[in-house]
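Structural features, examined
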Amino acid sequence: MGTVGNPEKAKLAASFGYDELFVRSEFAEKTLKSTGQKGVHAVFDPVGGSMRKQSLGALPARPVGCCRKRQR
């Protein structure tokens, strides 16, 4: 599964082999629907900010995870 910033970018992203692609703003909702409300095991979020919070919504109720802040 992957995300794109807008529908126009989906064609290019699909060429990288994603099984499913969602527009970023709908990622958590669409991911949960796609997985039967189970969520995903991991989220790799290079965007950060409010998107990180939404991405965490795609994890199961009791996730095992790690969050790393990039050093400057």
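A brief structural summary.

Conventions used here
- Residues numbered from 1 in each chain as written.
- Predicted model: local features only at pLDDT ≥ 70, side-chain atom pairs only at ≥ 80, totals over all residues.
- Heavy atoms only, no water.
- Helix = DSSP H or I, 4+ residues; strand = E, 2+ residues; numbered from the N terminus.
- Buried < 20%, exposed > 50% of the residue type's maximum accessible area, 1.4 Å probe, protein only.
- Areas by Shrake-Rupley, 256 points an atom, 1.4 Å probe, with all protein chains shown as cover.
- Patch = residues over 30% accessible without salt bridge, like charges linked within 9 Å, V, L, I, M, F, W, Y side chains within 5 Å.
- Salt bridge = Lys/Arg side-chain N within 4 Å of Asp/Glu carboxyl O.
- Phe/Tyr/Trp six-rings, centres within 6.5 Å; stacked < 30°, edge-to-face > 60°.
- Contact = heavy atoms within 4.5 Å.

**What about the overall build of the protein?**
- Helices and strands together make up the secondary structure of the protein, namely three helices and two strands.
- By residue count, 24% of the 72 residues in the protein fall in the buried class.
- For the protein, the accessible surface area stands at approximately 6100 Å², while carbon and sulfur atoms represent 52% of it.

**Brief notes about a nonpolar patch on the surface**
- Residues L12, F16 and Y18 make up a contiguous nonpolar surface patch of about 380 Å² in total accessible area.
- The residue Y18 is located in the loop between α1 (10-14) and β2 (21-23) in this model.

**Structural notes on the packing of aromatic side chains**
- Under the criterion given, the structure shown has one aromatic pair.
- Relative to F27, the ring of F22 lies with its centre 6.4 Å away and its plane at 55°, an arrangement referred to as tilted.
- By relative accessible area, F22 is classed as buried at 11%.

**Concerning the environment of M51**
- Along the chain, the position of M51 falls in helix α3 (residues 50-56).
- Overall, the relative accessible area of 9% leaves M51 in the buried class.
- Counting along the chain gives 23 residues from M51 to A28, while the straight-line C-alpha distance between them is 9.7 Å.
- Here M51 is in contact with R24, F27 and D45, once residues within four sequence places are set aside.

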